[in-house]
Amino acid sequence: MSEKEPVICIIDDSREDREICRRYLQQDSDYRYRFFEAETGEQGLELCRSVRPDCILLDYDLPDITGLELLEALAGSSPTRLVSLPVVMLTGLGDESIALQAMKSGAQDYLVKGEMTAGNLYRAIHNAIERASMRRIVEEQRHNLEMKNQELQAFAYALAHDLKSPLRAIRGFAEIMGEDYNTLLDETGQHYLHVIIKSAVQMNELIDDLLSYTQIEHGPVRFQAVKLSELAQQTLASLAGQIEREQGHVIIQDQLPVIYGDPTLVGQALVNLLDNALKYHSPEQPPVVSLTCQIEGHEAVLCVADKGIGIAPCHHAKIFQIFQRLHGEEEYPGTGIGLAIVKKSVELMRGQLWLESDQGLGTKFYIRLPLYSGGG
Ligand code: ADP
């Protein structure tokens, strides 16, 4: 016999039926149970809140409330929600549809009163206790993981904030020095100052990109309908400065579809791909970039294409790794985090990402994600 003494709440307005359940369970050689009883739904709810039962035997037909309503009330008061509620619903003969509904609403099992035997009652109770305890463990682990992720995000955010503040001072004072003491510095001194400012700007970008990467990796994924046309226009607006600087031309396909994904993640993927497409061109040729989409069955295949410097096939796998860059900071500035963000975003949405490119032949990055079907 198990050391554990499971707490059973029997909620049933019939004294005889409660008695039968108790008697049957007292014959169970696996457990010695502790019983608590209630005659009405209201009493039952009160009881379950105070004794934290391991299993609830719940009569569907109560005088004040139906079993289903009570199930919902119990779920609402459960700290771990309905998933871990160990309820076995007791129904009358021919009440199969009610039983089914009870299971859908979170009951672990049901028994038809007229067909109840000691054997099938033990089995239902053992299963309910075991399943509920397993679900509780999974739920607790999920909760702990979520808490850890939140802590990590808060830590990363605080770290980024604390690192950026002295950096602002370095940059700010270096700029003031450049303005106010310019005549006192010779050419070498001015060059050093220029390097200090540039390095501070670069480090600021690195911190921002690392923060975005951490937020994506540890943040929640919220699947919903994503209107690509709207998102593409927003992304384009956020890149307006860069487009102007590079004298670039960006063509966005008319009427992009609505896809099913996380808008923040899709946005991050697009902004990083378009940013790269605008950046990696030869100095003589301003960038020409396009964003198009093809429908393949129930999926959308997005393509960000440029006519820039291209990437040799031997580097295709490497560029998605964090901090992997193929160019020096002087040639093309960057942090080496952009494509790692794209990869992580697409992975989190369970999509696919690949590229077609060769040196000097431009680059096409593809993302495959499901189309929004209306029902989610
Ligand atoms: P970053 O652009 O900050 O260096 P990314 O992770 O976005 O970092 O890209 C990694 C590397 O992949 C880049 O350094 C660059 O060499 C190469 N790359 C990415 N996109 C393109 C592109 N559209 N054309 C050519 N090279 C690219």
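Residues numbered from 1 in each chain as written. Predicted model: local features only at pLDDT ≥ 70, side-chain atom pairs only at ≥ 80, totals over all residues. Heavy atoms only, no water.

J.: Help me understand helix 4 (residues 96–104), please; the structure alone is not making it clear to me.
T.: One turn of the α-helix equals 3.6 residues, which is why residues spaced by three or four share an orientation. Inspection of helix 4 places Ile98, Ala99 and Ala102 among the buried residues, and these make up the whole buried set. Along the axis of helix 4, the buried positions cluster into a sector of 100°, meaning they face one direction only. Away from its buried face by more than 90 degrees, helix 4 exposes Ser97, Leu100 and Lys104. With its phi angle positive at about 120°, Gly106 sits one or two positions after the end of helix 4. (Buried < 20%, exposed > 50% of the residue type's maximum accessible area, 1.4 Å probe, protein only. Helix = DSSP H or I, 4+ residues; strand = E, 2+ residues; numbered from the N terminus. Arc of directions from axis to C-beta.)

J.: Would you mind showing me how to read the site of the ligand here?
T.: Close to the ligand lie 20 residues; Asn276, Tyr280, Arg325, Thr335 and Leu339 are nearest. Note that an oxygen atom of the ligand is positioned 2.8 Å from one of the side-chain N or O atoms of Asn276. One of the side-chain N or O atoms of Arg325 is found 2.5 Å from an oxygen atom in the ligand. Against a free-state accessible area of 530 Å², the protein chains account for coverage of 98% of the ligand. Those elements that place two or more of their residues in the shell around the ligand are helix 9 (263–279), helix 10 (338–348) and strand 12 (363–370). Looking at the shell around the ligand, its residues break down into eight nonpolar, nine polar and three charged. (Near = heavy atom within 4 Å. Polar contact = N/O pair within 3.5 Å; in protein donor to acceptor, adjacent residues only side chain to side chain. Areas by Shrake-Rupley, 256 points an atom, 1.4 Å probe, with all protein chains shown as cover. Nonpolar A, V, L, I, M, F, W, Y, C, P; charged D, E, K, R; others polar.)

J.: Just to check I follow, could you spell out the pairing of strand 7 (residues 249–252) for this structure?
T.: For a regular strand, the rule is simple: side chains alternate between the two faces of the sheet. By the alternation rule, side chains of strand 7 split into Val250 and Ile252, which are all buried, and His249 and Ile251, of which none is buried. Pairing analysis gives four bridges linking strand 7 to strand 9 (residues 288–296), with the strands arranged parallel. Among the inter-strand pairings, Ile251 is bridged to a residue of strand 9, identified as Ser290. (Pairing = 2+ DSSP bridges.)

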